[in-house]
Amino acid sequence: MSSLLAKGGARLRSLLPSRADLAAMGRDPRRDLPTGLTVAIVALPLALGFGVSSGLGAEAGLATAVVAGAVAAVFGGSGLQVSGPTGAMTVVLVPIVARYGTGGVLMAGLIAGLMLLGLAVARAGRYMAYIPASVVEGFTLGIACVIGLQQVPNALGVAGPEGDKVLVATWHAAEAFVNSPDPAAPALAAGVVVVMLAGARLRPGIPFSIVAVIAATLVTQLFHLDAAPIGDLPAGLPAPSLGFVDPSALGSLLAPAVAVAALAALESLLSAQVADGMTVGRRHDPDKELFGQGLANIAAPLFGGVPATGAIARTAVNVRAGASSRLAALAHAAVLALIVFAAAPLVSRIPLAALAGVLIATAIRMVEVGSLRAMAKATRADATVLVLTAVATLALDLVYAVVIGLVVAGALALRAVALQARMDRVDFRPDLPGNHGEEEHALLAEHIVAYRIDGPLFFAGAHRFLLELSEVSDVRVVILRMSWVTTLDATGALVLKDAVERLDRRGIAVLTSGIRPGQRRALDSVGALELLRAEGREYATTPEAIAGARGHLQRAGLLPAAPGRTAPAPDRTAPVTGRTGPVTHDPLVDTLPEAK
């Protein structure tokens, strides 16, 4: 018990910030503090917009950016990661708000934070590498479409209809606008989109999102446009509270919490990878990152914040602006906190249409046309997975989309691996032991056929080999050269056993050569190895298998015995019949698989 506690304590300490991490924050504050200010300017309209889009309000987005941003900056596994509310998370939160309300979202975030801590302790961060790029690109495209469609009601200046189906909500919002059109809100949203997209092309280093939002707010105030503002914001963060906790709702919120935790883990680790790719010599710790995001998602709901993840766009701005340590992300959270306390009345006047424009422009910039084109051209399987994942994200939800994408990608990958396996007929005469005349060669070739199996013999393609073997005819012996089989599972072993029994019923003996030690467990588990041994059909090398086949033909009277000796009787008691004793592998032969 004490050893388990010691291991647990050591594991927990490995997830906490190291002295080196904390010391790095004080090395270059003159560089990190201005960077944090730049990131905060970019993050402010996004935090407000994603808070509104989630259904909990702008104040929830700001609380998340401040609290989760600070906690994840200190405890995360990437020194350059910036965390907060994101568009992908709002896609998951909208249906939770519609069904469970504000308290349900906060509770789901808290549970998700605990789940992330569990994933960190279980060292699950390493499995991020197994998610195919086509799935990532597909759900990124789907998320971008959903984020853009979610902004249509605010961009048109109409009330957002109830419900969580974004396509239906968008259609109803368009109908409402057509019935009572007002160009003010669409003009503001379109102006913000144009300024952000054009500005990003001309001057990438300038935060045009805040410029566009300020301009839209001034235009609204000066010309008294009928554009709905954010509304009153509290001057400061709410006091920590557990008032939203409802123990009776824990069971029903478990599934939504799993979705939130899965997305938080996925997007945060993706964002950390982006940061690594933009720098030289930096590598994040995926388990520490999950731990930091877990703590951030536990803390944010206590202050009324929505679930948070690592934010790819803000992280990229942080790296490009020159961040050197966690201090930049921490400074970003501090600046946003100062805005919450000092400028809440000004922020409350920002038009919702302007924030909608910010998020529409953000969604457009999320779509990397070059990456999508390259992925679509790579293989038909990649294109299929990308399209299915994107459509599922739009029609269902993000978690289902990722699951569908992973399942389809896995199935297509298995199919591709299975198709690489081959069973080729080979000429066995170069391996024929001893000196034999042309007449015996001709007799052997007439009655013996040899096949070499290359690649994996497993569930995805094993039955194809059974069909090929079942079609063998007009011979008395089939030799299967197994040394080139890379993988053999229980299905492959069953197929081999079935082939031996089927051909045996037709009077055709199946002999094997070169079975590797790693393949014996699967063969033994289904009884195939016992069958081969009992029937005298397993040999270490191809020459020995040919000698065994020749003995079989001699005993059947199809081949004359060699002068001066009689055909050997099969040894039914040896561990590997056809030999006198246990299998011993010739090192020279083992290094030449073509001789097996």
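Criteria and thresholds
- Residues numbered from 1 in each chain as written.
- Predicted model: local features only at pLDDT ≥ 70, side-chain atom pairs only at ≥ 80, totals over all residues.
- Heavy atoms only, no water.
- Helix = DSSP H or I, 4+ residues; strand = E, 2+ residues; numbered from the N terminus.
- Buried < 20%, exposed > 50% of the residue type's maximum accessible area, 1.4 Å probe, protein only.
- Contact = heavy atoms within 4.5 Å.
- Areas by Shrake-Rupley, 256 points an atom, 1.4 Å probe, with all protein chains shown as cover.
- Core = buried A, V, L, I, M, F, W, Y, C linked by side-chain atoms within 4.5 Å.
- 1 Å grid on protein atoms, 1.4 Å probe; cavity = no way out; pocket = protein on both sides within 12 Å on 5 of 7 lines; lining within 4 Å.
- Points joined across faces, edges and corners; volume = space filled by probe spheres on them.
- Nonpolar A, V, L, I, M, F, W, Y, C, P; charged D, E, K, R; others polar.
- Expected span 1.5 Å × (residues − 1).
- Arc of directions from axis to C-beta.
- Axes fitted to C-alpha atoms, helices over the stretch in contact; angles between N-to-C directions.
- Parallel < 35°, antiparallel > 145°, perpendicular 65-115°, else oblique.
- Left-handed = near helix turned anticlockwise from the far one by under 90°.
- Salt bridge = Lys/Arg side-chain N within 4 Å of Asp/Glu carboxyl O.

**Observations regarding the overall build of the protein**
Point 1. Within the protein, the regular secondary structure consists of 26 helices and 8 strands.
Point 2. The buried share among the 596 residues of the protein stands at 49%.
Point 3. Intrachain contacts of the protein at a sequence separation of at least 6 include 84% that bridge at least 24 residues.
Point 4. Surface accessibility of the protein: about 27,300 Å² in total, with carbon and sulfur atoms responsible for 62%.

**Some details on the side chain of serine 134**
Point 1. Position of serine 134 among the secondary structure elements: in helix α6 (residues 133-150).
Point 2. Sequence-distant contacts of serine 134, defined by excluding residues within four places in its chain, comprise Met375, Asp382, Val385 and Leu386.

**Examining the nonpolar core**
Point 1. If you look at the biggest cluster of nonpolar residues, it comprises 86 residues, and the most contacted ones within it are Leu48, Phe139 and Ile230.
Point 2. Looking at this core, the element that brings in the most residues is helix α5 (residues 87-121), giving 15 residues.
Point 3. Residues within four places of phenylalanine 139 in sequence aside, it is in contact with Leu266, Leu270, Thr389, Thr393, Leu398 and Val402.
Point 4. Core analysis: the second largest hydrophobic core is formed by 32 residues, Val495, Leu496, Val500 and Ile515 among them.

**Side note on empty space enclosed by the protein**
Point 1. Across all of its chains, the model carries 2 cavities of 30 Å³ or more by this definition.
Point 2. Estimated volume of the largest cavity: approximately 50 Å³.
Point 3. Lining of the largest cavity is provided by Met423, Ile453, Leu457, Phe465, Leu469, Leu480, Val495, Leu496 and Ala499.
Point 4. Contributions of two or more residues to the lining of the largest cavity are made by β4 (448-457), α21 (462-470) and α22 (490-505).
Point 5. Counting residues per element, the lining of the largest cavity draws most heavily on α22, which supplies 3 residues.
Point 6. Of the residues in the lining of the largest cavity, the class split is 9 nonpolar, no polar and no charged.

**Observations regarding helix α18 (residues 380-395)**
Point 1. For α18, spanning 16 residues, the distance from its first C-alpha to its last is 22 Å, which sits close to the expected 22 Å at 1.5 Å a residue.
Point 2. Those residues of α18 not exposed but buried are Val385, Leu386, Thr389, Ala390, Ala392 and Thr393. Down the axis of α18, the buried set is contained in an arc of 165°. They therefore lie on one face.

**What about the packing of α6 against α18?**
Point 1. Two numbers describe how α6 lies on α18: the axes approach to 7 Å, and their chain directions differ by 30°. Here α6 lies roughly parallel to α18, going by the angle between them. As α6 runs across α18, the sense of the crossing is right-handed. When α6 is examined against α18, the residues Ser134, Val135, Glu137, Gly138, Phe139, Leu141, Gly142, Ile143, Cys145, Val146 and Leu149 are found in contact with a partner set consisting of Asp382, Val385, Leu386, Thr389, Ala390, Thr393 and Leu394.
Point 2. A class-by-class count of the residues in the contact of α6 with α18 yields 11 nonpolar, 5 polar and 2 charged.

**A short note on the pattern of salt bridges**
Point 1. Scanning the entire structure with this criterion turns up 7 salt bridges.
Point 2. Across the pair aspartate 454 and arginine 452 runs a salt bridge, and its minimum N-O distance is 3.3 Å. Across this residue pair, the class does not change: aspartate 454 and arginine 452 are buried.
Point 3. A salt bridge links arginine 537 to aspartate 504; its shortest N-O distance comes to 2.6 Å. Of the two residues, arginine 537 is situated in the loop between α24 (528-534) and β8 (538-539) and aspartate 504 in helix α22; the sequence distance between them amounts to 33 residues.
Point 4. A relative accessible area of 38% means that aspartate 504 is categorised as partly exposed.
Point 5. Linked through salt bridges whose partners overlap, the residues forming this network are Asp21, Lys288 and Arg326.

**A word on unusual backbone geometry**
Point 1. Despite not being glycine, arginine 123 shows a phi value in the positive range, around 60°.
Point 2. Mapping arginine 123 onto the fold places it in the loop between α5 and α6.
Point 3. Owing to a relative accessible area of 40%, arginine 123 belongs among the partly exposed residues under this scheme.

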